[in-house]
Amino acid sequence: AQSVSQHNHHVILSEAASLELGCNYSYGGTVNLFWYVQYPGQHLQLLLKYFSGDPLVKGIKGFEAEFIKSKFSFNLRKPSVQWSDTAEYFCAVISTGFQKLVFGTGTRLLVSP
Amino acid sequence: DTGVSQDPRHKITKRGQNVTFRCDPISEHNRLYWYRQTLGQGPEFLTYFQNEAQLEKSRLLSDRFSAERPKGSFSTLEIQRTEQGDSAMYLCASSRSDREAQGYTFGSGTRLTVV
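Since the structure is predicted, the reported quantities are computational estimates derived from the model, not experimental observations.

Asks: Give me the overall build of chain A: which residues, what numbers.
Replies: In terms of helices and strands, chain A carries 0 helices and 12 strands. The order of α-helices and β-strands along chain A, N terminus first, is β-β-β-β-β-β-β-β-β-β-β-β. Across the 113 residues that make up chain A, the buried fraction comes to 49%. As presented, chain A carries roughly 5,200 Å² of accessible surface, and 54% of it is formed by carbon and sulfur atoms. Of note, chain A has its 9 positive side-chain charges centred 7 Å away from the centre of its 7 negative side-chain charges.

Structure below.
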C-alpha cells in the first residue's frame, strides 16, 4: 500500500526565513506527487505537482519542490516565506494501480511577521 | 469558487440521527471522491465513483455510511445512526480519469459535529 510521511507537524518561522518541508512516500512504482495547501478556513488548493520530466517543479506563490526518486522524497521549499504563507501543507501521492490520492498528515506552518 | 460545491457547510446533529451531505463536482469530471479529515490529520480516503459506479470503498467506511452518485453527476454521502466519532470534515473532490496526473479539485467540505 502507498503511504506518505511528513516529518514536521508544526513549523514556526519568521518572515523572510527559508522553508523546507519534508515528504517521503513508500510506493516504488510510478508516482504522481502533489503538494496541497489549506489556508485557515479555506479549502484544499493545489500548490504544485510532479508527474514526469524535470524533477524540480515550480508552483504558485514562489513554492517549488524537488522529486528525488532514489530517496522517495518530494520536499517543498520556498526561499523566503511571508506571513500570508501561514497555512497547513499536505503532501500527497497517487500511484499507478491505486486510483486514489493518499495524503500525509500535514505540516502546520506559522509565519510570524 | 472552487468548482466543487458541497452542502451544507456545517451540520450539527445529535448522536443517533441520520445525516446526508451533497457534493456537486466540476461538470466535466467523471470521477468523484469522498474524504474525511479530522483535526491534526490529512484527508483520509473513503470512497470514489467513476461516473455512477462506486469503484472502491475504504475499510473506514462502516456499514452506517453509504454513498451514491445515481446519474454520474452529484453525489450524496449518508451517515446513519451517527456517533461522536463521526465528527469530522467531509471533503469531496473530483477529477477526470484521463487527467489523473493533474490532481483533484476539492470542495470546501462539510463540517459535521455530533453532540
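Still more ground to cover, so stick around.
Asks: Describe the side chain of serine 94 of chain B, naming the residues involved and giving the relevant values.
Replies: All names here are of chain B. Here serine 94 shows up in strand S9 (residues 88-95). Side-chain polar atoms of serine 94 contact the backbone nitrogen of isoleucine 26, separated by 3.4 Å. Not counting the four nearest positions on each side in its chain, serine 94 is found in contact with Val4, Pro25, Ile26, His29, Arg31, Leu32, Tyr33, Tyr104 and Thr105.

Asks: Quick rundown of unusual backbone geometry? Include the residues and the values.
Replies: Residue proline 8 of chain B is bonded to the preceding aspartate 7 of chain B through a cis peptide linkage, with omega at -5 degrees. Mapped onto the secondary structure, proline 8 of chain B falls in the loop between strand S1 (5-7) and strand S2 (10-13). Of note, lysine 61 of chain A is a non-glycine position whose phi angle comes to about 60 degrees, a positive value. The residue lysine 61 of chain A is located in the loop between strand S7 (56-58) and strand S8 (64-68) in this model. Classification of lysine 61 of chain A as partly exposed rests on a relative accessible area of 47%.

Asks: Any chance you could break down the state of the cysteines for me, citing the residues and the numbers?
Replies: All names here are of chain A. Under the criterion given, the structure shown has 2 disulfides over all chains. Covalent S-S linkage joins cysteine 23 and cysteine 91, the inter-sulfur distance amounting to 1.9 Å. Handedness of the cysteine 23-cysteine 91 disulfide follows from its S-S torsion of about -65 degrees: it is left-handed. On the criterion of sequence distance, the pair formed by cysteine 23 in the loop between strand S3 (19-21) and strand S4 (24-25) and cysteine 91 in strand S10 (residues 87-95) is long-range, its members being 68 residues apart.

Asks: Just give me the short version of the sheet that holds S1 of chain B, but keep the residues and values in it.
Replies: All names here are of chain B. If you trace the 4 strands from one edge of the open sheet to the other, you get S1-S3-S8-S7, paired in antiparallel fashion. The two strands at the open ends of the sheet, each matched to only one other strand, are S1 and strand S7 (65-68). Averaged over all neighbouring strand pairs, the angle between strand axes comes to 15 degrees, with direction disregarded. Note that S1 and strand S3 (residues 19-24) share 3 bridges and pair antiparallel. Bridge pairing links glutamine 6 to cysteine 23 in S3.

Asks: An account of the interface of chain A and chain B is needed here, citing residue identities and associated values.
Replies: Each side of the interface is counted separately: chain A has 18 residues, and chain B has 21 residues. Interface area, chain A with chain B, both sides summed: about 1,600 Å², of which 55% is carbon and sulfur. By the criterion of area lost to chain B, the three top residues of chain A are His43, Gln99 and Lys100 of chain A, representing 30% of everything that side buries. Counting the contacts that link chain A with chain B gives 1 salt bridge. Taking the shortest distance from any N to any O, the salt bridge between glutamate 56 of chain B and lysine 100 of chain A comes out at 2.7 Å. Put simply, chain A and chain B have 5 residue pairs in polar contact (both at pLDDT 80 or more) between them. Contributions of two or more residues to the side of chain A that touches chain B are made by strand S5 (31-38), strand S6 (44-50) and S10 of chain A. If you tally residues by element for the side of chain A that touches chain B, the top one is S5 of chain A, at 4 residues. The residue inventory of the side of chain A that touches chain B, partitioned by class, reads 10 nonpolar, 6 polar and 2 charged.

Criteria and thresholds
- Residues numbered from 1 in each chain as written.
- Chains lettered and ligands numbered in written order.
- Predicted model: local features only at pLDDT ≥ 70, side-chain atom pairs only at ≥ 80, totals over all residues.
- Heavy atoms only, no water.
- Helix = DSSP H or I, 4+ residues; strand = E, 2+ residues; numbered from the N terminus.
- Buried < 20%, exposed > 50% of the residue type's maximum accessible area, 1.4 Å probe, protein only.
- Areas by Shrake-Rupley, 256 points an atom, 1.4 Å probe, with all protein chains shown as cover.
- Lys, Arg positive; Asp, Glu negative; His and termini not counted.
- Charge placed at Lys NZ, Arg CZ, Asp CG, Glu CD.
- Polar contact = N/O pair within 3.5 Å; in protein donor to acceptor, adjacent residues only side chain to side chain.
- Contact = heavy atoms within 4.5 Å.
- Disulfide = S-S within 2.5 Å.
- Pairing = 2+ DSSP bridges.
- Axes fitted to C-alpha atoms, helices over the stretch in contact; angles between N-to-C directions.
- Buried area = accessible area lost by both parts, 1.4 Å probe.
- Salt bridge = Lys/Arg side-chain N within 4 Å of Asp/Glu carboxyl O.
- Nonpolar A, V, L, I, M, F, W, Y, C, P; charged D, E, K, R; others polar.

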